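Understanding the architecture of this molecule
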Amino acid sequence: MKYFLFLFMIGVLLTGCGKKTEQTGTNASSFAFDSTDIKTVPVSNPNQSFSLQYNFQKGKDYQYRLTSLSDDSKTIKADTTINQHISQSIVYLLGLNLTNVDKDGIMEISCNINSIKLDANANGKKVTYQSGNLKDTLQKAQFAEYEALVQNPFSIRITKYGEILEVFRADKIVTRFLELKGAPSTVSADEKDALRKNIVEGALKPLLIQIFRQTPQSQIAKDSTWSLQQPPTQFLIYQLQNTNTYKVESLNKFNNDKLVTIDAGLNSILSGKDEITNQGTLYKFKKPTTTAFGKIYFNLDKGCIQKSKTNTVISIFYSMEMKGPKGMQKGNSTENIKSSNIVELL
């Protein structure tokens, strides 16, 4: 799931309800995203307090379009100079339906990825994929990480403050993935369980946290701030500690609904040594720089995110030294990664 993982791992750095869109016959316009700001009008009391709570309604189909765009430019200089450039866009059309609310207010929601469209360009080599358009078995195997997700419902449990407690009923996705890959029937239960966990943590959760962002449990108002520390992760040779930051910019009206505009940011702390030796090559890193920013529009009346746009820029530089036939050989690598994630309630 390399395309998905790349986009949503860096993307985490930060107009109503429609009818369910089926995979077959999805119009091209369904994948056309809108990156503009939402046009709003002022409310009479912009400083009033409120609570950011998710409040999905039974019987309503909530349709989202999630778009991830990335651009990765890398230059390696040694005896020769190598330039690499990868750009890609991937769009998910996702349907959500509330199935149950328990006595503690925990919501169970059925999720269905209706369609996926991928366009990528790696150094001039183009790759395209759209679910529902593949007939060839080999092509389906090539894009199994996407094909297995489409029209294969799973469920989640979340709090009214957007904390995802559980992602479950993903077994059919695992079964479909193994079928598409032509895996032997001897795949063990442990191997299937490991694959299920990988799909949940590496694919489904990064998708869902774009729609369900944790909100504070207290009343807030204009200029209120809060933060959410993420679990530590490994990034290159460093230990990375990310903290998502949020600040209420304003309270406005959108189509007669109250809409909260939230500024989103990211604080990143890298720790660890700047050098590593691997297979006789010494790598010396400069600590990568990360910039992340964005806006989240939360619809108070609908009790869900109306739209969000988050952007991340990462710059990486390291030098290389190794012994060669002609003595010490040196080189360096510079990489710049830009990504944008756009979430739209349709």
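Below is a summary of the structure that appears in this document. (Residues numbered from 1 in each chain as written. Predicted model: local features only at pLDDT ≥ 70, side-chain atom pairs only at ≥ 80, totals over all residues. Heavy atoms only, no water.)

Looking only at helices and strands, the chain features five helices and 15 strands. Taking 2.2 N^0.38 as the reference for a compact globule, 346 residues should give roughly 20 Å; the C-alpha atoms of the chain span a radius of gyration of 22 Å, in line with that estimate. Dimensions of the chain, computed from the C-alpha atoms along their principal axes, are close to 75 × 50 × 40 Å. Buried positions account for 46% of the 346 residues belonging to the chain. Both charge centroids of the chain, one from 42 positive and one from 32 negative side chains, sit 3 Å from each other. (Helix = DSSP H or I, 4+ residues; strand = E, 2+ residues; numbered from the N terminus. Rg over C-alpha atoms; globule rule 2.2 N^0.38 Å. Buried < 20%, exposed > 50% of the residue type's maximum accessible area, 1.4 Å probe, protein only. Lys, Arg positive; Asp, Glu negative; His and termini not counted. Charge placed at Lys NZ, Arg CZ, Asp CG, Glu CD.)

A separate point is the pairing of strand β13 (residues 281-299). Pairing of strand β11 (residues 257-271) with β13, which is carried by seven bridges, proceeds in the antiparallel orientation. Bridge pairing links I262 to I296 in β13. As judged from the four bridges shared by strand β12 (residues 275-278) and β13, these two strands associate in the antiparallel manner. Residue pairing in the sheet places N278 in a bridge with T281 of β13. Connecting the antiparallel pair β12 and β13 is a turn made up of two residues, with Q279 showing a positive phi of about 50°. Relative to strand β14 (residues 304-324), β13 is paired through 16 bridges, and the arrangement is antiparallel. Bridge pairing links G294 to T310 in β14. If you look at the hairpin formed by β13 and β14, you'll find four residues sitting between the two strands, and G303 has a positive phi there, around 70°. (Pairing = 2+ DSSP bridges.)

Glancing now at the nonpolar core. Ranked by internal contacts, the top residues of the largest apolar core, which has 63 residues, are F56, Y64, L96, I109, L204 and F212. It is strand β4 (residues 107-122) that contributes the most residues to this core, seven residues altogether. With residues near it in sequence (within four places) discarded, F212 still touches Y54, F56, L96, I109, I156, I158, G162 and I164. Y238, L240, Y318 and I337 belong to the second largest nonpolar core, which has 10 residues in total. (Core = buried A, V, L, I, M, F, W, Y, C linked by side-chain atoms within 4.5 Å. Contact = heavy atoms within 4.5 Å.)

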